[in-house]
Amino acid sequence: DFVGSFYSFGNQAAVLSENPDIITAYTPKGTNAMTYTDRDGMTWEWEVVADGSTYDRGSKYSCFIGGDNPYSVIQNPELQDGSSCVVIKESYGNAFVPFLVDHYQTVHVVDYRYFVGNIPEFVAQNNVQDVIFVNNADAISEAAVGYMSGLFQ
């Protein structure tokens, strides 16, 4: 019964309300635990995939990685190979992150709209091997490009 944020942006169109999506979520094998830092700088323990059945129709997507937070990190205790990635995303990338958890010891997640920092420095300090961008078509908008370019200066 998911309609998403475009439902709100589309003046709550009846055609969207009458044709909601169904979310099927798969929890990672290695761990379903993560830590995220919210926009107020508070750190929270959360689930990579949470039960969103009680969430508002437009917020069900937050069942993935706790929604849109500046920074999240997931440690997979089943891997001890030093592998790591950073995902640079907005909400579109949230559902992709759980698929990475079983393949990396550490998954860092940065929402470019809220993260404050320098990605090249972050990559070097955290020994990140892979940088992954997962964004929707809005990522080519002037505002999005401005947000992202600020992370690389």
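A. Structural detail: the overall build of the chain. The secondary structure content of the chain amounts to four helices and six strands. Order of helices (α) and strands (β) in the chain, N terminus to C terminus: α-α-β-β-β-β-β-α-β-α. Taken against the 2.2 N^0.38 rule, which gives 15 Å for 153 residues, the C-alpha radius of gyration of the chain at 16 Å falls within 12% of a compact globule. Principal axes of the C-alpha set define a box for the chain whose edges measure 50 × 35 × 25 Å. Counting only residues that meet the buried cut, the chain has 42% of its 153 residues in that class. Distance between charge centres in the chain, computed from 6 positive and 19 negative side chains, equals 5 Å.

B. Quick look at the pairing of strand 4 (residues 84–89). In terms of burial, strand 4 is a largely internal element, six of the six residues being buried. Along strand 4, one buried face is formed by Ser-84, Val-86 and Ile-88 and the opposite face, lined by Cys-85, Val-87 and Lys-89, is buried too. Taken together, the six bridges between strand 4 and strand 5 (residues 106–111) define a ladder with parallel strand orientation. Within the sheet, the bridge partner assigned to Val-86 lies in strand 5 and is His-108. Strand direction decides the pairing type here: strand 4 and strand 6 (residues 130–134), joined by five bridges, are parallel. Bridge pairing in strand 6 places Cys-85 opposite Asp-130.

C. Quick peek at unusual backbone geometry. Of note, Ile-65 is a non-glycine position whose phi angle comes to about 50°, a positive value. Looking at the element boundaries, Ile-65 is found in the loop between strand 2 (43–47) and strand 3 (71–75). One non-glycine residue, Asn-127, lies in the positive phi region at around 50°. By secondary structure assignment, the location of Asn-127 is in the loop between helix 3 (119–125) and strand 6.

D. The pattern of salt bridges, seen in detail. According to the stated counting rule, one finds four salt bridges in the structure shown. Across the pair Asp-68 and Lys-89 runs a salt bridge, and its minimum N-O distance is 3.4 Å. Of the two residues, Asp-68 is situated in the loop between strand 2 and strand 3 and Lys-89 in strand 4; the sequence distance between them amounts to 21 residues. Here Asp-68 falls in the partly exposed class, since its relative accessible area comes to 22%. The exposure class assigned to Lys-89 is buried, which follows from its relative accessible area of 0%. Ionic pairing is found between Arg-113 and Asp-111, a salt bridge with its closest N-O pair at 2.7 Å. Using a relative accessible area of 26% as the deciding quantity, one classes Arg-113 as partly exposed. Judged by relative accessible area, which is 0%, Asp-111 ranks as buried. Counted as one network, the salt bridges with shared partners bring together Asp-68, Lys-89, Asp-111 and Arg-113.

E. Local environment of the side chain of Asn-69. Turning to its location among the elements, Asn-69 is positioned in the loop between strand 2 and strand 3. A distance of 3.1 Å separates the side chain of Asn-69 from the backbone oxygen of Gly-66, its partner in a polar contact. With near-sequence residues (within four places) excluded, Asn-69 lies in contact with Tyr-36, Thr-37, Asp-38 and Asp-111.

Thresholds, definitions, all that
- Residues numbered from 1 in each chain as written.
- Predicted model: local features only at pLDDT ≥ 70, side-chain atom pairs only at ≥ 80, totals over all residues.
- Heavy atoms only, no water.
- Helix = DSSP H or I, 4+ residues; strand = E, 2+ residues; numbered from the N terminus.
- Rg over C-alpha atoms; globule rule 2.2 N^0.38 Å.
- Buried < 20%, exposed > 50% of the residue type's maximum accessible area, 1.4 Å probe, protein only.
- Lys, Arg positive; Asp, Glu negative; His and termini not counted.
- Charge placed at Lys NZ, Arg CZ, Asp CG, Glu CD.
- Pairing = 2+ DSSP bridges.
- Salt bridge = Lys/Arg side-chain N within 4 Å of Asp/Glu carboxyl O.
- Polar contact = N/O pair within 3.5 Å; in protein donor to acceptor, adjacent residues only side chain to side chain.
- Contact = heavy atoms within 4.5 Å.

As far as function goes, none of this settles anything; it's purely spatial.
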